[in-house]
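# Structural features, examined
Listed here are the chains, written in short residue letters.
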Amino acid sequence: MPQDGSAQPYFFTSTEITGREDWLRLHLNENPYGPPPGTVEDVCAEASDHLNRYPDSECAAVRERLAEHFRVAPEMIALGNGTDELVLLASLTFLRGTDGFVATTSTTFPGYVTSAAAVGARTHTVPLTGAAIPVAGLTATMRQGAALAFVCNPLNPTGALLDRDEVLELIDTAESTGTVLVFDEAYIDFAGPAHEFALEAVREGRRVLVTRTFSKAWGLASVRVGFAVGPPDLIRQLNTTATALPFNVNRQAQRAVRRALEVPEYLDRVRADNARVRELLCKTLDSLGLDHFPSAANFVMVQVPGKGAEPGDSARFAARLADEHHVLVRDLTALGLPGRLRISVGTEAEVERLATALTQLLGRP
Ligand SMILES: Cc1ncc(COP(=O)(O)O)c(C=O)c1O
């Protein structure tokens, strides 16, 4: 239980775990390896030299570096205070003042629905196809007149990944319906460059937005930087909304991102380590008899055992993991997948600690 003994949901509104430093954080899909080399020093130096100065509202240097890194023009990039802000900015830009609705999947990152609600727009959600992204349902919903569509790829929380044909089918449909299609690729760095079909399409001049983040594989969740890549006209509209309030990405964040991009091999290391530990996690789950789903990301969706083939009570299971073992995982009941948990991959040592907790919990119903 939380320290004051009150019953709190395990999706802490506050992610702070002050006084709980020994708790294992496998609920937010953070990078457990620490930030890229040199970024901490640069953040400290920037704060030391310029904490009294506003940041560059245009993020010009970062934009240039990102453009170079992703082989697009600087005017094809918009920066945000995490992908979170870009999702809200996209909703403000492409939904406000229209009677258009948002299309997304029934089970996914909640920010798409909450942002649409914040601008007074309706949301049409499409049920998953098993654990997969429902491409046919999404194209049908775009044809019904969606103004904006968010497709999370790889999909949080199942880890499913789209192939090239599926990405292109979604883009073809969006172009024909006029829907602004956003691929949220917060976790694509774990899948690797061979899966960057949406970004390739942007480079070829297709009308689609791709959002990425420095919070996950890049290990910089605290500084809050996300970016969108897309055609200059859509990016201009996003930036116009963003600059209603000009300083959304702070100095330390801009400096950290510039430094991170100087060490691209860091990302390759994280991807390889994550893949190795994800395999270990899956083997551990197998050995405990826990069903799980193939994932291209840094989390795995796991079914809590119940009676027969029915999944068990995932809310209770997650609560017991937290209360009895100080291990935080995400119960997916609120995301429409009762009986399932989303567990971040973590390090080898963290998988070991999780395995001990799961073994004890499964042995004591
Ligand atoms: C699919 C997805 N998109 C966006 C975000 C937000 O990322 P950021 O830290 O860049 O705001 C998350 C965070 O967990 C996420 O899972």
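Computed from a predicted structure; not experimentally measured. (Residues numbered from 1 in each chain as written. Predicted model: local features only at pLDDT ≥ 70, side-chain atom pairs only at ≥ 80, totals over all residues.)

Most of strand 11 (residues 340-344) sits out of view: five of its five residues are buried. Side chains of strand 11 alternate between two faces, with Arg340, Arg342 and Ser344 and Leu341 and Ile343 buried alike. Of the pairings in the sheet, the one linking strand 9 (residues 299-303) to strand 11 comprises five bridges and is antiparallel in character. By the bridge assignment for strand 11, Met301 is matched with Arg342. Inspection of the sheet shows strand 10 (residues 327-331) paired to strand 11 by two bridges, in the antiparallel sense. Paired with Arg330 across the two strands is Arg342, which belongs to strand 11. (Buried ≥ 20, exposed ≤ 12 C-beta atoms within 10 Å, placed from the backbone. Helix = DSSP H or I, 4+ residues; strand = E, 2+ residues; numbered from the N terminus. Pairing = 2+ DSSP bridges.)

A sheet is described by the order of its strands in space; here four strands give the open sequence 1-10-11-9, paired in mixed fashion. Each of the sheet's edge strands pairs with one partner strand only, and the pair in question is strand 1 (24-26) and strand 9. Pairwise comparison of adjacent strand axes, ignoring direction, gives a mean angle of 30° for this sheet. Strand contacts of helix 13 (residues 348-363): strand 1 and strand 10, with the helix running at about 95° to strand 1, the strand carrying the most contacts. (Axes fitted to C-alpha atoms, helices over the stretch in contact; angles between N-to-C directions. Contact = placed C-beta atoms within 7 Å.)

Let us now look at the domain arrangement of the protein. When the domains of the protein are assigned, the result is domain 1 (24-30 + 265-363) and domain 2 (39-260). Listed by partner, the interface residues are 21 residues for domain 1 and 18 residues for domain 2. At the level of secondary structure, the elements contributing two or more residues to the side of domain 1 that touches domain 2 comprise helix 11 (264-287) and strand 9. Counting residues per element, the side of domain 1 that touches domain 2 draws most heavily on helix 11, which supplies four residues. Here the residues of the side of domain 1 that touches domain 2 are counted per class, giving twelve nonpolar, five polar and four charged. (Domains from an automatic or database assignment. Nonpolar A, V, L, I, M, F, W, Y, C, P; charged D, E, K, R; others polar.)

Here Thr125 lies in strand 4 (residues 122-126). For the pair Thr125 and Val202, spaced 77 residues apart in sequence, the C-alpha to C-alpha distance is 25 Å. Beyond its immediate stretch of four places on either side in the chain, Thr125 contacts Thr104, Thr105 and Ser106.

Within the largest apolar cluster, 104 residues are counted, with the highest numbers of intra-cluster contacts made by Val102, Ala149, Leu181 and Val208. Among all residues touching Val208, those that are not within four sequence positions of it are Ile171, Ala174, Leu181, Phe183, Ala198, Ala201, Val202 and Gly230. (Core = buried A, V, L, I, M, F, W, Y, C linked by C-beta atoms within 7 Å.)

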